[in-house]
4 protein chains.
Amino acid sequence: MLEALREDVCAANLAIKEAGLVTLTWGNVSGLDPATRSMAIKPSGVSYAELTPDKIVVLAVDSGEVLWGELRPSSDTPTHLVLYRAFEGISGIVHSHSTHATAWAQARRPIPAYGTTHADHFRGAVPCTRMLTAAEMAEEYEADTGRVIAETYRRLDPHEHPSVLVAGHGPFAWGPTPAKAVENAIVLEEVARMASLTEAAAQDPRPIPRTLLDRHFLRKHGKDAYYGQR
Amino acid sequence: MLEALREDVCAANLAIKEAGLVTLTWGNVSGLDPATRSMAIKPSGVSYAELTPDKIVVLAVDSGEVLWGELRPSSDTPTHLVLYRAFEGISGIVHSHSTHATAWAQARRPIPAYGTTHADHFRGAVPCTRMLTAAEMAEEYEADTGRVIAETYRRLDPHEHPSVLVAGHGPFAWGPTPAKAVENAIVLEEVARMASLTEAAAQDPRPIPRTLLDRHFLRKHGKDAYYGQR
Amino acid sequence: MLEALREDVCAANLAIKEAGLVTLTWGNVSGLDPATRSMAIKPSGVSYAELTPDKIVVLAVDSGEVLWGELRPSSDTPTHLVLYRAFEGISGIVHSHSTHATAWAQARRPIPAYGTTHADHFRGAVPCTRMLTAAEMAEEYEADTGRVIAETYRRLDPHEHPSVLVAGHGPFAWGPTPAKAVENAIVLEEVARMASLTEAAAQDPRPIPRTLLDRHFLRKHGKDAYYGQR
Amino acid sequence: MLEALREDVCAANLAIKEAGLVTLTWGNVSGLDPATRSMAIKPSGVSYAELTPDKIVVLAVDSGEVLWGELRPSSDTPTHLVLYRAFEGISGIVHSHSTHATAWAQARRPIPAYGTTHADHFRGAVPCTRMLTAAEMAEEYEADTGRVIAETYRRLDPHEHPSVLVAGHGPFAWGPTPAKAVENAIVLEEVARMASLTEAAAQDPRPIPRTLLDRHFLRKHGKDAYYGQR
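The written sequence of each chain sets the order in which its residues are numbered from 1. Note on labels: chains are lettered from A, ligands numbered from 1, in written order. Confidence filtering applies because this is a predicted model: local features only for residues at pLDDT of at least 70, side-chain atom pairs given and counted only at 80 or more, and all residues used for totals across whole chains, interfaces and linings. Excluding hydrogens and water, the side-chain values take into account all heavy atoms of the structure.

Notes on the overall build of chain A
Quick note on the threshold: To qualify as a helix, a DSSP run of H or I must reach at least 4 residues; to qualify as a strand, a run of E must reach at least 2; elements of each kind are numbered from the N terminus. Each residue's exposure class comes from its accessible area (1.4 Å probe, protein chains only) as a fraction of the maximum for that residue type: buried when under 20%, exposed when over 50%, partly exposed otherwise. Contacts are assigned to residue pairs with any non-hydrogen atoms lying within 4.5 Å of each other. Calculation of accessible area relied on Shrake-Rupley with a 1.4 Å probe; when residues are assessed, cover is drawn exclusively from the protein chains displayed. When charges are tallied, Lys and Arg are placed among the positive residues and Asp and Glu among the negative ones, while His and the ends of the chain are skipped. To locate a charge, take NZ of a lysine, CZ of an arginine, CG of an aspartate or CD of a glutamate.
Scanning chain A from terminus to terminus reveals eight helices and seven strands. Dimensions of chain A, computed from the C-alpha atoms along their principal axes, are close to 55 × 50 × 35 Å. Residues classed as buried in chain A amount to 61% of the 230 residues present. Sequence-distant contacts in chain A: of pairs separated by 6 or more residues, those separated by 24 or more amount to 63%. As presented, chain A carries roughly 8600 Å² of accessible surface, and 51% of it is formed by carbon and sulfur atoms. The distance from the centre of the 23 positive side-chain charges to the centre of the 28 negative ones in chain A is 7 Å.

Here is the structure:
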């Protein structure tokens, strides 16, 4: 079932390990098949060394029912499901505990857009959610994590801001494919690292002007993009 | 004698080197055979490149007597012995000088639980011992290091807090097996690194709420754990 | 066309990836053929794994016209062209988003010459440009980036200061060959990293005295240099 | 001539590269043959990839005359010569620009003994020289660097403090053999890194008590040492 998607999702999970975003078995990547509204995701607690496409679990996005696979899906599955329902056009999601992005999530601060490296990928600060309430933590914790992310995006376009920090927890990143979601997770980690170093070096760190932010974002995104090959 | 345990202990010692927790020959891992109350531990000052299971030394936990092996055991052996006597159910102990955990030990501060990465493994701040007294330093220094750790746990459960910082020295971590102790030592180092970055990014860093701490710890530990495969 | 130059430029692009200056496909190196006033440069958005000398693009420095190659040149091409026109004797240019140099660019600060490592390669602080104006950002953004760099060098010798930070963006480095430009980019990243660590360790960080700066720069450069083999 | 020494010195030079203490061709290791008072040292500006024992240069310690080899010796040769003349019993010297130790040298501060990792190798703070005078910088710069180090040790035992920071420049480390000098250079870099992290984590960082410092130093050094195998 959905063999190509499971292969992509397996490769994307291995890619976040390879990119240094993962300690032990932390982190998971999922992918969506929009036609059938099915999601493929890493199984829970399986080591990256043993991960193969036949261990990837497939679920129905709307019901959350497991459609294929013998292992239990990632414990963060409900968060992924909520995000696919909330964000149209997203077909890959990465959750990691990558060091620098997690530190900003633990500091409970959005990451300011201090430079064009940031602007090439994110059209403004990387948002940070509010802390979940005690009720949200106690009951449907993972689904509520997704709902609090969605709430953070009420006035934000998830395609222009394809990564978020969950306060006290860590980052999520997404994109039109699992591979693009991995790319955004890699960029987020680097941007978080640069932002900390920028604040250490500057007496009065300031985000770049809006004009420069837009110029760089639009060099790489949208109909007038001119970065890369056609 | 205890060949399987010596193999596990040898593998665990090599694992801390592989994980980047070790400079030169610093650090040592031990394992316990609860049935015979025997402990296997790395020999003193032997390079990791030359370490094999037949160089691992076996001692009686209660008397400290060497039961097997031709090399001298780690100079930190008395600390390990005291911990196995004090903490029931612990069968693996790691001592390292891993960079970030050691820096917190040198700062003589517990590591606050700033996020769920921390809470997944440690149910609260990673404790830091008091500094040893001059008498403790001068006489049974290594055994007293163990006693000061045990003293720090008078009101703490070592299974819920499987790592500690010894003030001015460095970290110890433990678990139900040598491999699990290594895992906790790896997590401790990453959590220490993230905590420093969190404090650099936040004006007013705050630990996560107790509800979130418990939710994450209990996702992975105890009878209602739902992380990983059954 | 210009096969040897394309090979050098390809090798120099791979060298900045190998040296850890590059995330994803960020960064580009160019080389000049002074005889024909032609420039060879990396194509836009091509992954380093797939880069070969036949994918390098050749352009006329003065007209900016593509002379050879089927791919689109780097989107930063206009910046490189302006610099070759402005700085005589430069035949290699590196643009990267290397972590520490970019952080200083984002902090919008020159990097002070805190030590002899710096002075061995740069004869004074690494300059930082002013922020571009909104008009410069909106119109000929990449060419104006080159013009603002040239403006920064009105009273500076580009051979004595072979690297610069573009405010809010990142570093450029150059030299008499693409390989020497790569070397300067590597040194810049290390010098930026050391400068941040110096400021963290010192209450009152001070640049080294002029005499020491000159002594070290002239050990390695100019007619009385005595470093290396003759 | 002195083939075994040249092999040791070559291996030690490669070891500092392997240990991550070296960027480009920076750094050099020398070794002494006490019987003939001859010193073997890396040639100047030769890349580590091309270094072989037959490229190592041999000089007379007292006259500074080249005795063997076709290449020019390291430009730091006069510093090494002065140190072998000044410090009895030292037969290996490492000079590097390793990142964290150089940052402390640039901050012009001794590295406090914040923990037992430090105390295991250095019996107190790692000293930092005064800045050279303008006259010292202008004339016999490299020899005067050695003299200023020797001056710093008027009341210090070089065997108990086998590493030093030269203000505004970088570290030197030494030992009874080139290999031991390399070990001290590796420890120095790690200790410098930990000290910066300790100061970032602690409100009021304090060196460890003298009793603990001595206990750890003497565990590994002197007639009552009990670390390692006999």
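Regarding the arrangement of the chains
If you take every C-alpha in chain B and every C-alpha in chain C, the smallest gap between them is 12 Å, and the two do not touch. Nothing in chain A touches chain D; the tightest C-alpha to C-alpha distance between them is still 12 Å.

Quick word on the interface of chain D and chain C
Applicable threshold: Take the accessible area each of two parts loses on contact, using a 1.4 Å probe, and add the two losses: that sum is the buried area. Salt bridge, as applied in this entry: a Lys or Arg side-chain nitrogen positioned within 4 Å of an Asp or Glu carboxyl oxygen. Counted as a polar contact is a pair of N or O atoms within 3.5 Å, where, for protein atoms, one must be capable of donating a hydrogen and the other of accepting one, and residues adjacent in sequence contribute only when both atoms are in side chains.
Contact with chain D, which involves 33 residues of that partner, is made by 32 residues of chain C. It is D:Trp26, D:Arg72 and D:Gln106 in chain D that bury the most area against chain C; as a group they hold 23% of the surface buried on that side. A salt bridge links D:Asp76 to C:Arg219; its shortest N-O distance comes to 3.5 Å. If you look at where chain D meets chain C, you find 22 residue pairs in polar contact (both at pLDDT 80 or more).

Remarks on the interface of chain A and chain C
Tallying the contact residues gives 32 residues for chain A and 32 residues for chain C. Around 2900 Å² of area is buried between chain A and chain C when both sides are counted, 54% of it from carbon and sulfur atoms. Its largest share of buried area at the contact with chain C, chain A owes to A:Arg215, A:Tyr227 and A:Gln229, together 19% of the area lost on that side. If you look at where chain A meets chain C, you find three salt bridges. The closest approach of N and O atoms between C:Glu142 and A:Arg215, which form a salt bridge, is 3.7 Å.

Some points on helix 2 (residues 77–86) of chain B
In terms of burial, helix 2 of chain B is largely enclosed, as seven of its ten residues are buried. Buried residues along helix 2 of chain B sit in contact with strand 1 (28–33), strand 2 (38–41), strand 3 (57–60), strand 5 (92–95), helix 6 (141–152) and strand 7 (170–175) of chain B.

Some details on the sheet that holds strand 5 (residues 92–95) of chain A
Residues and elements named next belong to chain A. Test applied: Any two strands between which DSSP finds at least two bridges are classified as paired. Only C-alpha atoms enter the line fits that serve as axes; for helices the fit covers just the stretch in contact. Angles between N-to-C directions range over 0 to 180 degrees.
Spatially, seven strands are ordered 4-3-2-1-5-7-6 in an open sheet, and the strand pairing comes out antiparallel. Only two strands of the sheet have a single partner each, and these edge strands are strand 4 (66–68) and strand 6 (163–166). When the angles between neighbouring strand axes are averaged without regard to direction, this sheet yields 25 degrees. Pairing analysis gives four bridges linking strand 1 (residues 28–33) to strand 2 (residues 38–41), with the strands arranged antiparallel. In the strand pairing of strand 2, Leu32 is matched with Met39. The strands touched by helix 1 (residues 3–18) are strand 1, strand 2, strand 3 (57–60), strand 4 and strand 5; relative to strand 1, the strand with the most contacts, the crossing angle is about 155 degrees.

Digging into the relation of the copies chain A and chain C
The criterion, for reference: To superpose the copies, least squares is applied to the C-alpha atoms of every residue with a pLDDT of at least 70 in both.
With an RMSD of 0.0 Å, chain A superimposes on chain C once it is rotated by 90 degrees and translated 0.0 Å along the axis. Here the transformation between the copies is reduced to the relation of a four-fold axis. Among all residues of chain A, the one whose C-alpha sits closest to the rotation axis is A:Ala200, at a distance of 5.8 Å.

Observations concerning the pattern of salt bridges
All names here are of chain C. This model, assessed by the stated rule, comprises 60 salt bridges over all chains. Close ionic contact of Glu199 with Arg109 constitutes a salt bridge, the shortest N to O distance being 3.0 Å. On the criterion of sequence distance, the pair formed by Glu199 in helix 7 (residues 178–201) and Arg109 in the loop between helix 3 (99–107) and helix 4 (116–119) is long-range, its members being 90 residues apart. Across this residue pair, the class does not change: Glu199 and Arg109 are buried. Between Asp224 and Lys223 there is a salt bridge; the shortest N-O distance is 3.1 Å. Comparing Asp224 with Lys223, the two get one shared label, exposed.

A word on the environment of D:Arg108
Considering the arrangement of structural elements, one finds D:Arg108 in the loop between helix 3 (99–107) and helix 4 (116–119). Note: C-alpha distance between D:Arg108 and D:Thr23 (85 residues apart in sequence) is 21 Å. Ignoring anything within four residues of it in the chain, the contact list for D:Arg108 reads C:Arg206, C:Pro207, C:Ile208, C:Pro209, D:Cys128, D:Met131, D:Ala167 and D:Gly168. One polar contact links the side chain of D:Arg108 to the main-chain carbonyl oxygen of C:Pro207, over a distance of 3.1 Å.

Here we look at the sheet that holds strand 6 (residues 163–166) of chain B
All names here are of chain B. Strand order in the open sheet formed by seven strands is 4-3-2-1-5-7-6, with antiparallel pairing between adjacent strands. On the outer flanks of this sheet lie strand 4 (66–68) and strand 6, each paired with one strand and no other. The mean angle between the axes of side-by-side strands here comes to 25 degrees, regardless of whether they run parallel or antiparallel. In this structure, strand 5 lies alongside strand 7, joined through four bridges in antiparallel fashion. Across the sheet, Gly92 pairs through a bridge with Gly175, a residue of strand 7.

Here we look at the packing of aromatic side chains
Two aromatic rings, taken as a pair, are described by how far apart their centres are and by the angle between their planes. Spelled out, the test is: Centres within 6.5 Å make a pair out of two Phe, Tyr or Trp rings, where for Trp the six-membered ring is used; the pair is then stacked when the planes are under 30 degrees apart, edge-to-face when over 60, and tilted otherwise. A ring is scored as having a charge over it whenever the NZ atom of a lysine or the CZ atom of an arginine sits within 6 Å of its centre and within 35 degrees of its normal.
Across all of its chains, the model carries twelve aromatic pairs over all chains by this definition. Consider the rings of D:Tyr153 and D:Trp174, whose centres lie 5.4 Å apart with planes at 65 degrees: the pair is edge-to-face. One end of the pair, D:Tyr153, is in the loop between helix 6 (141–152) and strand 6 (163–166); the other, D:Trp174, is in strand 7 (residues 170–175), and 21 residues separate them in sequence. For the pair shown, D:Tyr153 and D:Trp174 are each scored as buried. Clustering of aromatic rings is evident, with ring pairs tying together A:Phe87, A:Tyr153 and A:Trp174. When the ring centre of C:Trp68 is taken as reference, the NZ or CZ atom of C:Arg6 above it lies at 3.8 Å. The residue whose ring lies beneath D:Lys42 is D:Tyr48, and the NZ or CZ to ring-centre distance is 4.8 Å.

A few points about the packing of helix 2 (residues 77–86) of chain D against helix 6 of chain D
Residues and elements named next belong to chain D. What counts is decided by this rule: Crossing handedness is defined as follows: a turn of the near helix away from the far one that is anticlockwise and smaller than a right angle gives a left-handed crossing, while the clockwise case is right-handed. Residues are sorted three ways: Asp, Glu, Lys and Arg are charged, Ala, Val, Leu, Ile, Met, Phe, Trp, Tyr, Cys and Pro are nonpolar, and all the rest, Gly among them, are polar.
For the pair helix 2 and helix 6, the least separation of the axes is 7 Å and the interaxial angle reads 35 degrees. Judged by the twist between their axes, the crossing of helix 2 over helix 6 is right-handed. Residues Pro78, Thr79, Val82, Leu83 and Ala86 of helix 2 touch helix 6, and the partners they reach there are Glu142, Ala143, Thr145, Gly146, Arg147, Ile149 and Ala150. Of the residues that constitute the contact of helix 2 with helix 6, the class distribution is seven nonpolar, three polar and two charged.

Brief notes about the pairing of strand 2 (residues 38–41) of chain C
All names here are of chain C. Judged by which residues are buried, strand 2 turns out to be covered on both faces: Ser38 and Ala40 on one side and Met39 and Ile41 on the other are all buried. What sits between strand 1 (residues 28–33) and strand 2 in their antiparallel hairpin is a turn of four residues, with Arg37 showing a positive phi close to 50 degrees. Sheet topology note: the strand 2/strand 3 (residues 57–60) ladder contains four bridges and is antiparallel. Bridge pairing links Ala40 to Val58 in strand 3.

Brief notes about unusual backbone geometry
Note: most peptide bonds trans; most residues except glycine with negative phi. Its identity as a non-glycine residue notwithstanding, C:Arg37 has a phi of 50 degrees, on the positive side. Structurally, C:Arg37 is set in the loop between strand 1 and strand 2. Within the chain, D:Leu2 stands out as a residue other than glycine whose phi angle is a positive 50 degrees.

Quick word on the environment of B:Trp174
You can call B:Trp174 buried: its relative accessible area is 1%. Placed 84 residues apart in sequence, B:Trp174 and B:Ile90 show a C-alpha to C-alpha distance of 6.7 Å.

With respect to the pairing of strand 7 of chain D
Residue and element names in this part refer to chain D. Across the six residues that make up strand 7, a large majority, six, are buried. Two strands pair when backbone bridges link them, and strand 6 and strand 7 are joined in this way by four bridges, in the antiparallel orientation. For Val164, the partnering residue across the bridge sits in strand 7 and is Phe172. In textbook terms, the turn of a hairpin is the stretch between consecutive antiparallel strands, and for strand 6 and strand 7 this stretch comprises three residues, one of which, Gly168, has a positive phi near 75 degrees.

By themselves these figures say nothing about function.
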